[in-house]
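Understanding the architecture of this molecule
In case you want the letters, here they are:
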Amino acid sequence: MTDHLHFPALLRMIDERSAAFRAAVAEAPSLDADVPSCPGWTLYDLANHLSEGDRFWAHIVLNTAPGDERPSKDGLAAPREREELISWLADSTDQLLTALREAGPDRSCWAWWEPLASPHTVAAVARRRVPESLIHTYDAQLASGNPQELPATEAADAIEEFLSTVCTGTVPWPGEPATMDYHAAEAGSWRQTVDAAGSRFTRLTAAEADGSKPTAAVYGTASEMALLMYMRIPSDTLRIEGDTDLLQRLQDWG
């Protein structure tokens, strides 16, 4: 899928996951509830983080260009009363979606990632915000005592977006060259390669996935794979073949 063709779907995903996040906030016993998957954070901290990000990127896509200095997040703190917080969250999402639509997918803007597999465009920002709302909705559901499986479509795109935006770079891998395959039952397969040139990924065809011999391979559903990549579930809950320590070394490498 291309970012440009996928743009309307990305906006819908952000809207739907943000609504699910607000529902989890509304159902939680307290805004002071601990978030097990974000040690040291309360549900309020999580809500403040997500709304801050929405408002931050809404400003970025309309007001920055590649190479600009990183904008400030000052003045974006959310209110602490639950009803006001939920309204603030809804307004934050609306600001983001309005800005994304106004800017359009092809506009260039500032971004923190290396422009190798993910460009510095509004479409790439929208794609980055989907897993932010997706994973943090899961976090909020954990805090409210009702975690749910990630929607398969959003989870599948989150896997590839993570490999593209977070994992693709030129920092040299400190060990021997290695390959890590990720097999999501309903979404396909990807290979991450790490060596002296850094980290990169490719999507594998079914034939390549069946016939390949990577250093290690992990198997699960799209939801499990996305949660694993964001370190929300432990690796021993999924099947891993080959060098079982490689995944931990990749996570430690950051």
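Our structure's up above, just so we're on the same page.
Here the structure is a predicted model, which means the values were calculated and not measured.

Conventions we followed
- Residues numbered from 1 in each chain as written.
- Predicted model: local features only at pLDDT ≥ 70, side-chain atom pairs only at ≥ 80, totals over all residues.
- Heavy atoms only, no water.
- Pairing = 2+ DSSP bridges.
- Helix = DSSP H or I, 4+ residues; strand = E, 2+ residues; numbered from the N terminus.
- Axes fitted to C-alpha atoms, helices over the stretch in contact; angles between N-to-C directions.
- Contact = heavy atoms within 4.5 Å.
- Expected span 1.5 Å × (residues − 1).
- Buried < 20%, exposed > 50% of the residue type's maximum accessible area, 1.4 Å probe, protein only.
- Arc of directions from axis to C-beta.
- Polar contact = N/O pair within 3.5 Å; in protein donor to acceptor, adjacent residues only side chain to side chain.

With respect to the sheet that holds strand 5 (residues 239-242)
Remark on secondary structure: sheet strands pair via backbone hydrogen bonds, oriented parallel or antiparallel. Within the open sheet, the five strands sit side by side as 3-2-1-4-5. Their pairing is mixed. The open sheet has two edge strands with one neighbour each: strand 3 (198-204) and strand 5. Sheet twist, expressed as the mean angle between neighbouring strand axes with direction ignored, is 20°. Sheet topology note: the strand 1 (residues 178-184)/strand 2 (residues 188-195) ladder contains seven bridges and is antiparallel. Paired with Tyr182 across the bridge in strand 2 is Trp190. On top of the sheet, helix 5 (residues 152-166) reaches strand 1, strand 2 and strand 3; it is set at about 15° to strand 2, its chief contact. The strands touched by helix 8 (residues 246-253) within the sheet are strand 1, strand 2, strand 3, strand 4 (216-220) and strand 5, with strand 1 carrying the most contacts at an inclination of about 100°.

Overview of helix 3 (residues 82-103)
Relative to the 32 Å expected for 22 residues at 1.5 Å per residue, helix 3 spans 31 Å between its end C-alpha atoms, a close match to the ideal helical length. Those residues of helix 3 lying buried are Leu85, Leu89, Ser92, Thr93, Leu96, Leu97, Ala99, Leu100 and Ala103. Taken around the axis of helix 3, the buried residues stretch over an arc of 160°, which confines them to a single face. The exposed set on the far side of helix 3, more than 90 degrees from its buried face, consists of Glu83, Arg101 and Glu102. Of the residues that open helix 3, the one with a side-chain oxygen 3.1 Å from the backbone nitrogen of Glu83 is Glu81. Looking one or two residues past helix 3, Gly104 carries a phi angle of roughly 85°, positive in sign.

A word on the pairing of strand 3
Relative to strand 3, strand 2 runs antiparallel, the two sharing seven bridges. Along strand 3, the bridge assignment pairs Trp190 with Arg203. Where strand 2 folds back onto strand 3 in an antiparallel hairpin, the turn is made up of two residues.

Considering the environment of Arg70
Mapped onto the elements, Arg70 comes out in the loop between helix 2 (43-63) and helix 3. The exposed category is assigned to Arg70, whose relative accessible area is 52%. Sequence-distant contacts of Arg70, that is, excluding residues within four places in its chain, are made with Phe56 and Trp110.

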